[in-house]
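Okay, here's what each chain looks like letter by letter:
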Amino acid sequence: MIIFEADMTKKWLENAEFVLLCFLAVMLPILEAPKNLALVLILIVWLTRWLVFKPYNLRRPDALEFTLLWLLLAAAVSTAINWPSLGQFKGLKDTLFSVIVCLAVSRGNLSARRRYLLAAMVAFGVFIGLVWAGIDVLLGTRRYLEFNSAGVVTQSSIYLGVALVMSFGIAFAGTSRDAVVPESGLQRTLWWFATVVMLLGLIAMASRGAILAVATVCFIIFLLHRSLKVLLGGLFAFVIAFSITQMLPSKFNSARFLEKTHQLAQTGQIDLNDSVRLDMWRIGIAQFAQGGSPIFGIGPRNFQTITPSKLAFDTPLTYNYDRLDHAHNLFITKLVEEGIFGLAALLLLLGQVSVSLFRDWRTGKRLNWQWYGALGAVGVPSVAGLFNTPWYREHALLAMLLFGLYFSSRSD
C-alpha cells in the first residue's frame, strides 16, 4: 500500500512538473508574475522529486550535468566574492532557474508527445505575445513591436528568432520520426502558418542583430542540406515577409531596418545606437583588462557598477555615460561579470550543444525538430548576442528549455 501511494505521488509530481513547464512556456514572453511563480514551483517540484524519489548516489555527472553545474558554480562564486553588490542575487537566480529548467526537461523522461506539446506551448505563448504587442503598438502604448515580458525589442526579437527556428524545424522535419501520431496535413500546415507569422513578427520588430542571426541559421541549414529548394524557399519567404511588413501602419516603425542599412551604405557612418554599442565594447574590455578581477569577474548583473571615468582609453569615448546596463555583447558581458571562469562555462555549454548537433547531422541520426530547435537556440542568441543582449532573461530560458528537449530526444 505504501509503495503504491509512493508511486502515485511520484507520478503526480511528474505530471505537475510537466504542466508547470507548459505553463512557463506560454507565460515566458507575456506575463512576468506568473512566469516567476512557475519557475519557483518547478524548482520546488524538481527538488522534491530528486531528493525523495531518486535515491542519492555519488555517480559522476554526465557531460551536460557537469556543464550546467559549472555554469551555476561560476555564478555562485562570482556573486559571493563580489558581495554585497548592486546586482545582489539577480544573476545567480537567473542561472539557477535556467539550469533547473534544462535539467527538468532533459532528465524528465519526457515522451515524444510531451516534448511536442511543450513546443506547441512555446508557439502558443509567442502567438499571444505578438497579438498583444501589435495591439499595444496600434494603441500607442508601445513604440516598437515587442513582447510584454521578454525585454526590449532587441531582446524580444532574439526570443522570437529562437522560437521561429523551432517552428520551422517542426514544419520542415515533421514529427513522424518521434512517433507523434497521427501527423495530419492540417497539423503540418498550422506549423507552417506559425512559422510565417513569426517571420513577419521578426521583421516587423526590425532588430538587425536578430534578423542577421536567423538568416545565419537559415544559411547553415542550407549548407547542411545543400538544397537549392531550401535556399530559394528561404529567400522567397524573407522577401515576401519584408514586403508585407513595409505595408504595416507607420506606428510599427518596421521600416527602420532598411533605413539604418541604407544610411550605413550611403554615408558609411553608424548611428547613435551603434556608437553606444562600440563604446560599451570598449568599456567592457577595459574593465576586464584594468579592473583587477579577470578570473571571477565583478559579479553577475553588476556591469552597471562600472565607472568609465576610472578606466583609461586610448581614444575618448563617444559619450559620457551616467548609467550602464551591459556590454552589448554576450561574451564580453559574461567575461566582465563572471570572469574567465564564467565565460568558459558558457562557451563549454554552447560548444557541447554545437558538437552534438554536428555529430547528429554527420551520422544522419536524430535530425528531428528538436535538432532544429537546439540549432536555433544556440545560433540565434550567439550571433545576435555579438551586438546586443547578454545570456539572460527570457530568451536564455527558452534556449535552455530547447537544449533540454534536444538532449531528452537523444536519450530515446
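Just above sits the structure.
Residues numbered from 1 in each chain as written. Predicted model: local features only at pLDDT ≥ 70, side-chain atom pairs only at ≥ 80, totals over all residues. Heavy atoms only, no water.

**Q** Outline the nonpolar core, supporting the account with residue identities and numerical values.
**A** Ranked by internal contacts, the top residues of the largest apolar core, which has 102 residues, are Leu68, Leu118, Trp391 and Phe403. For this core, the element with the most residues is helix 6 (residues 153–173), which contributes 13 residues. Once residues within four sequence positions are removed from consideration, Trp391 is found in contact with Leu330, Leu346, Leu350, Ala377, Pro381, Ala396, Ala399, Met400 and Phe403. Core analysis: the next-biggest nonpolar cluster, separate from the first, contains 13 residues, Ile306, Leu311, Tyr321 and Ala327 among them. (Core = buried A, V, L, I, M, F, W, Y, C linked by side-chain atoms within 4.5 Å. Buried < 20%, exposed > 50% of the residue type's maximum accessible area, 1.4 Å probe, protein only. Helix = DSSP H or I, 4+ residues; strand = E, 2+ residues; numbered from the N terminus. Contact = heavy atoms within 4.5 Å.)

**Q** A description of helix 2 (residues 32–52) should follow, citing residues and the corresponding values.
**A** Across its 21 residues, helix 2 extends 30 Å between first and last C-alpha, which sits within 8% of the 30 Å expected from 1.5 Å per residue. Of all the residues in helix 2, the buried ones are Lys35, Ala38, Leu39, Ile42, Leu43, Val45, Trp46 and Arg49. (Expected span 1.5 Å × (residues − 1).)

**Q** Tell me about the packing of helix 6 against helix 7 (residues 185–205), and name the residues and values.
**A** Close contact between helix 6 and helix 7 brings their axes to 8 Å; oriented N to C, the two are set at 155°. With respect to each other, helix 6 and helix 7 are oriented roughly antiparallel. Two packed elements cross with a definite hand, and for helix 6 against helix 7 that hand is left-handed. Looking at the contact of helix 6 with helix 7 residue by residue, the classes come out as 17 nonpolar, six polar and one charged. (Axes fitted to C-alpha atoms, helices over the stretch in contact; angles between N-to-C directions. Parallel < 35°, antiparallel > 145°, perpendicular 65-115°, else oblique. Left-handed = near helix turned anticlockwise from the far one by under 90°. Nonpolar A, V, L, I, M, F, W, Y, C, P; charged D, E, K, R; others polar.)

**Q** Pulling in residues and values, what's your account of the packing of aromatic side chains?
**A** Under the definition given, this model contains 17 aromatic pairs. Seen from their ring centres, Trp371 and Tyr372 are 5.1 Å apart, and the 80° between their planes marks the pair as edge-to-face. What makes Tyr372 buried here is its relative accessible area of 3%. In this structure an aromatic cluster arises from ring pairing among Phe168, Phe172, Trp192, Trp371 and Tyr372. When the ring centre of Tyr392 is taken as origin, the NZ or CZ atom of Arg301, which lies over that ring, is 3.9 Å away. (Phe/Tyr/Trp six-rings, centres within 6.5 Å; stacked < 30°, edge-to-face > 60°. Lys NZ or Arg CZ within 6 Å of the ring centre and 35° of its normal.)

**Q** Please give an account of the pattern of salt bridges that cites residues and values.
**A** All told, the structure shown has 12 salt bridges when counted by the stated rule. The salt bridge involving Arg107 is made with Asp62; its shortest N-O contact spans 2.4 Å. With Arg107 in the loop between helix 4 (90–106) and helix 5 (112–139) and Asp62 in the loop between helix 2 and helix 3 (63–81), this pair connects stretches of sequence that are 45 residues apart. Using a relative accessible area of 30% as the deciding quantity, one classes Asp62 as partly exposed. The salt bridge involving Arg142 is made with Asp136; its shortest N-O contact spans 3.0 Å. One salt-bridge network, in which partners are shared between bridges, spans Glu32, Lys35, Arg393 and Glu394. (Salt bridge = Lys/Arg side-chain N within 4 Å of Asp/Glu carboxyl O.)

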